[in-house]
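Summary of the model geometry
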Amino acid sequence: MQFDRGELIFSKSKVYVHPTTSAKDNISGFIALVRPSGSTSDKDILLAWVPETLLRSEDYKSYVKVDLAADDSGPTTSEVLVSIPPITSISSYAFSIPLHRIYSVMLRPPSLGWWWGSIIIHTRTEDIIPALFFHDAESQSTILQQKMRNKKFTPFAADGDLFWGGDQFMKYLRKYAVVEKSTFEQRLYLINPDPDDLLSFSPPNAHIEKTNDLSKIIKDARWNILERFARVTRFSRRAASDVFGNSPPAVRAILNVPEVKQLGDDFDSARVYLAKWAMTISEEAERNRTKIIWTDTGDHINSLVGDFEILSVDNRVERRNEVSREEWRALFDHSGRLCVTVSEVKERVFHGGLAANIRSEAWLFFLGVYPWDSSQIERQVIMASKRDEYYRLKRQWWDDIERQKNDPVWKDQRNRIEKDVHRTDRNIPLFAGEDTPHPDADSPFASVGTNVHLEQLKDMLITYNEYNKTLGYVQGMSDLLSPIYAVIQDDAVAFWAFTGFMNRMERNFLRDQSGMHRQLLALDNLVQLMDPRLYTHLEKADSTNFFFVFRMLLVWFKREFDWDDVLRLWEVLWTDYLSSQFVLFIALALLDKHKDVIIDHLEHFDEVLKYMNELSKTIDLEDTLTRAEVLFYRFQRTVEAIDRKNKEPLSSPKWTTSTSSLATAAANGRVNTTGPPGGPDKTLPLKPEAGRVIISDVLRELLSKEIIVVKDTIPMDGYET
């Protein structure tokens, strides 16, 4: 077969694409510069990334040869010919783009918090380019370069940072293209820029002044220039169906909205880019602060509650050390019965969480497996009974071979469960790897294999499918089970802990979505009450359906926090210490932290959605918990103030002046009718009735510690209760 050939002028090994968050899915390859045969201009040189598995044997040797031969002096003198890399490949992520089509390159050097340096390539057309990660510890050429620099006592690159593979790539890129560094974003490099690009990103005599004034940084005039990003560039966007293809059916109507379809998951839109940068600056300035400074929530709230310092409630907001095994044991007497009040235990866990070595026992109390007033002997009897019950339930389907082979409904549920299990938390060591032959030859994973913990998850979810026949299995449940099983590591015990968790979470998975609908409605009302300025902006951005927190609430921020933080967050929420719906105040805390950036930089639904989604794995849990608690107390005081004023005579001048703006806002009724479908109905949190302002029912529910339990009443198709 005849292949087109080109001259390989640069190659760098062990440059990866990370398709998912799981390290096992990483794809190793080469980043390269290839001059096609017969080209007469450097602008025709191809910037390419090719996975190792896609290279023929002789090409692979050539890539390695050029990689190892390159040094700081420049490219090798001998010509090395290779096959022209593929223009694009959906399955392998390979690409090759001529330099004249590249708009910019964003560099992210390795740092203490980010082990791999990476680059993002932006093109002048609608190309989808994956981010590339330089695994320098695996690249022999980078290791050799670092050793050479260390011998010269110059281990740093030109910009003062430690040398990494991206530095060598940029050095070669400069030989064949004009590369201009942006004045306003130090990691952004324009490739062959035209005058308009230079004016927008590197205006003559521009410089950045250091200042301690955060508001000046955020409001500085340079933002006006950076906002031209949206006008002078075109970033690639990918249809949201690729990202959310497995979303619950009731959500798909929203996913068909044009704004969501255009949402890019590889590259930032201009405004999202600006918003993320603004938040980075803001967080840097706040890093050393120990108190939450309350921002203005509107004169009408102050008129109700009265002016007060946030310190008036801050003395109740204190994060503490986790509950150790010794402290937990001291809570029980010689018979194993609790010797303090349940409220005291919940308060302690709410403010500190639990040590890892006590969770497998303590969680069983919070999830209703053990009664709080039980003794050690009583708990042993309960567990023996629970074990017998679990294995009885499991045998109902395990021993029914005829059903497993011939029942299409059962087989469909099993296949859905297995598919979800095999993509749940595979980056966690307990669930990583396939070291066991699959027990089912007909399984789609039969050729891949499995491991004992994945099989346990699958069996527990199938058993729950039998246990709760009205609800059955719904996507997302595997995310709720895996942390419980990972902590307990006993299938029978973990199953009953999971059923206790699902008792409160079932409303999230109802087929009519009424449970999620009511929570989104409560958040809608909460934001209206606590931050009308933010709510007004979300209305303008067509974002008051609050779909951007749907995933967060559905699985209790499982995708937003790191694994250990998820365990801590869940046990805090299970206490119901302040409210059984404290999860909504976690969502409110995120909005409160990011509201200035959202208001200043995000104007459309897709931008808000993308920005909130990309907070995943970047959120500080302790800060969020503290902020959420302060918000709860603020909310509680606001409701109490409104209730007090509702008891005053209608003719009271104090009532008339203090609530006039509230009543007017409520009477006018801010109702969004143009946003994407699928959001909550707009029920005002502050409804005028007979001259008084009344807090809505969904807001009053937030003050209750009683767990809200809503069960599906219609059996699954093919199942009988």
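Since the model is a prediction, treat every value here as computed from it, not as a measurement.

Below, the discussion takes up the overall build of the protein chain. A count of helical and extended segments in the protein chain gives 31 helices and 12 strands. Here the protein chain holds 721 residues, and 54% of them are scored as buried. Contacts in the protein chain between residues far apart in sequence, at least 24 positions, make up 71% of those at least 6 positions apart. If you sum the accessible surface of the protein chain, you get close to 32600 Å²; carbon and sulfur atoms cover 51% of it.

What follows covers the packing of aromatic side chains. How two aromatic rings sit relative to each other is set out by the distance from centre to centre and by the angle between their planes. Considering all chains together, one arrives at 37 aromatic pairs under this definition. Ring geometry for Phe-366 against Trp-372: centres 5.1 Å apart, planes inclined by 85 degrees, an arrangement best described as edge-to-face. Phe-366 gets classed as buried once you look at its relative accessible area, which sits at 8%. Judged by centre distance (5.2 Å) and plane angle (75 degrees), the ring pair of Phe-585 and Phe-632 falls under edge-to-face. Of this pair, Phe-585 sits in helix 27 (residues 583-601) while Phe-632 is found in helix 29 (residues 621-646), placing the two residues 47 residues apart along the sequence. On the accessibility criterion, Phe-585 (0% relative accessible area) is buried. Overall, Phe-632 belongs to the buried group, its relative accessible area being 2%. Every member of this aromatic cluster is reached through a ring pair, and the members are Phe-350, Tyr-577, Phe-582, Phe-585, Phe-632, Tyr-633 and Phe-635. Against the face of Tyr-370 rests Arg-379, its NZ or CZ located 5.9 Å from the ring centre. One Lys or Arg, Lys-705, reaches over the ring of Tyr-577 and ends 5.5 Å from the middle of that ring.

This brings us to the nonpolar core. Trp-328, Met-477, Ile-484, Phe-546, Phe-557, Phe-585 and Met-612 are the most contacted members of the largest nonpolar core, which totals 128 residues. No other element matches helix 27, which puts 12 residues into this core. When neighbours within four sequence positions are excluded, Phe-585 is seen to be in contact with Leu-526, Ala-628, Leu-631, Phe-632, Phe-635 and Leu-702. Residues Ile-45, Ile-119, Tyr-172 and Tyr-176 belong to the second largest nonpolar core, which totals 30 residues.

Along helix 15 (residues 342-352), the positions that sit buried rather than exposed are Val-345, Arg-348, Val-349, Phe-350, His-351 and Gly-352. Against the buried residues of helix 15 lie helix 14 (325-329), helix 16 (359-366), helix 26 (563-574) and helix 29. In the segment just after helix 15, Gly-353 is the residue with positive phi, at about 75 degrees.

We now examine the side chain of Asn-26. Position of Asn-26 among the secondary structure elements: in the loop between strand 1 (5-17) and strand 2 (27-36). With sequence-adjacent residues up to four places away left out, Asn-26 is seen in contact with Tyr-16, Val-17, His-18, Pro-19, Thr-20 and His-135.

Counting across every chain of the model gives 36 salt bridges. Among the ionic pairs, Arg-518 bridges to Glu-701, the shortest N-O distance being 3.0 Å. Of the two residues, Arg-518 is situated in helix 23 (residues 514-530) and Glu-701 in the segment after helix 31 (697-700); the sequence distance between them amounts to 183 residues. On the accessibility criterion, Glu-701 (27% relative accessible area) is partly exposed. For the salt bridge of Arg-551 with Glu-560, the shortest nitrogen-to-oxygen distance reads 2.5 Å. Overall, the relative accessible area of 27% leaves Arg-551 in the partly exposed class. What makes Glu-560 buried here is its relative accessible area of 0%. Beyond isolated ion pairs, a larger network of salt bridges with shared partners links Asp-531, Asp-592, Lys-593, Lys-595, Asp-623 and Arg-627.

To continue, consider the confidence of the model for the protein chain. Here the protein chain averages 76 in pLDDT, while 71% of its residues score no lower than 70. Predicted confidence for residues 651-684 stays below pLDDT 50, and this span has 73 contacts to residues more than four positions away or in other chains.

Further remarks concern unusual backbone geometry. Even without a glycine there, the phi angle at Asp-425 is positive, about 50 degrees. Of note, Asp-425 is situated in the loop between helix 19 (408-421) and helix 20 (452-467). Positive phi, normally seen in glycine, also occurs at Lys-617, with a value near 70 degrees. Locating Lys-617 in the fold gives a position in the loop between helix 28 (605-613) and helix 29.

Let us now look at the packing of helix 27 against helix 29. As a packed pair, helix 27 and helix 29 sit with axes 8 Å apart at the nearest point and diverge in direction by 105 degrees. In terms of orientation, helix 27 and helix 29 fall into the roughly perpendicular class. Residues Phe-585, Ile-586, Leu-588, Ala-589, Leu-590, Asp-592 and Lys-593 of helix 27 pack against Asp-623, Thr-624, Leu-625, Arg-627, Ala-628, Leu-631, Phe-632 and Phe-635 of helix 29. Residues that form the contact of helix 27 with helix 29 fall into these classes: 10 nonpolar, one polar and four charged.

Below, the discussion takes up helix 26. Between the first and last C-alpha of helix 26 there are 17 Å, a value that for 12 residues agrees with the 16 Å anticipated at 1.5 Å per step. All of the buried residues along helix 26 are Trp-563, Val-566, Leu-567, Arg-568, Leu-569, Trp-570, Glu-571, Val-572, Leu-573 and Trp-574. Considering only its buried residues, helix 26 is in contact with helix 15, helix 16, helix 21 (477-488), helix 22 (491-505), helix 27 and helix 29. Where helix 26 ends, the next residue or the one after it, Asp-576, has phi of about 50 degrees, a positive value.

Moving on, we come to the environment of Asp-512. Take Asp-512: it is sitting in the loop between helix 22 and helix 23. Take Asp-512: its relative accessible area is 57%, and that puts it in the exposed class. Separated by 200 residues in sequence, Asp-512 and Asp-712 place their C-alpha atoms 9.1 Å apart.

Here we come to a positive patch on the surface. Taken together, the side chains of Lys-171, Arg-174, Lys-175 and Lys-181 define a basic patch exposed on the protein surface. Counting residues per element, the positive patch draws most heavily on helix 3 (residues 165-176), at three residues. Mapped onto the fold, Lys-181 is located in strand 9 (residues 179-181).

Now for the environment of Phe-10. Relative to the elements of secondary structure, Phe-10 occurs in strand 1. Note: C-alpha distance between Phe-10 and Leu-173 (163 residues apart in sequence) is 9.0 Å. What Phe-10 contacts, discounting residues up to four positions off in sequence, is Ile-31, Ala-32, Leu-33, Val-66, Gln-168, Phe-169 and Tyr-172.

What follows concerns the pairing of strand 7 (residues 117-123). By the criterion of burial, strand 7 is predominantly enclosed, with six of the seven residues buried. In terms of strand pairing, strand 6 (residues 102-108) meets strand 7 through six bridges, oriented antiparallel. By the bridge assignment, Met-106 is partnered in strand 7 with Ile-120. In this structure, strand 7 lies alongside strand 8 (residues 132-134), joined through three bridges in antiparallel fashion. Paired with Gly-117 across the strands is Phe-134, a residue of strand 8.

The next thing to look at is the environment of Phe-445. Mapped onto the elements, Phe-445 comes out in the loop between helix 19 and helix 20. Owing to a relative accessible area of 18%, Phe-445 belongs among the buried residues under this scheme. Remark: the alpha-carbon pair of Phe-445 and Lys-419, spanning 26 residues in sequence, is separated by 8.5 Å. Filtering out sequence-adjacent residues up to four positions away, Phe-445 remains in contact with Glu-418, Lys-419, His-422 and His-438.

Calculation criteria
- Residues numbered from 1 in each chain as written.
- Predicted model: local features only at pLDDT ≥ 70, side-chain atom pairs only at ≥ 80, totals over all residues.
- Heavy atoms only, no water.
- Helix = DSSP H or I, 4+ residues; strand = E, 2+ residues; numbered from the N terminus.
- Buried < 20%, exposed > 50% of the residue type's maximum accessible area, 1.4 Å probe, protein only.
- Contact = heavy atoms within 4.5 Å.
- Areas by Shrake-Rupley, 256 points an atom, 1.4 Å probe, with all protein chains shown as cover.
- Phe/Tyr/Trp six-rings, centres within 6.5 Å; stacked < 30°, edge-to-face > 60°.
- Lys NZ or Arg CZ within 6 Å of the ring centre and 35° of its normal.
- Core = buried A, V, L, I, M, F, W, Y, C linked by side-chain atoms within 4.5 Å.
- Salt bridge = Lys/Arg side-chain N within 4 Å of Asp/Glu carboxyl O.
- pLDDT = per-residue confidence, 0-100.
- Axes fitted to C-alpha atoms, helices over the stretch in contact; angles between N-to-C directions.
- Parallel < 35°, antiparallel > 145°, perpendicular 65-115°, else oblique.
- Nonpolar A, V, L, I, M, F, W, Y, C, P; charged D, E, K, R; others polar.
- Expected span 1.5 Å × (residues − 1).
- Patch = residues over 30% accessible without salt bridge, like charges linked within 9 Å, V, L, I, M, F, W, Y side chains within 5 Å.
- Lys, Arg positive; Asp, Glu negative; His and termini not counted.
- Charge placed at Lys NZ, Arg CZ, Asp CG, Glu CD.
- Pairing = 2+ DSSP bridges.

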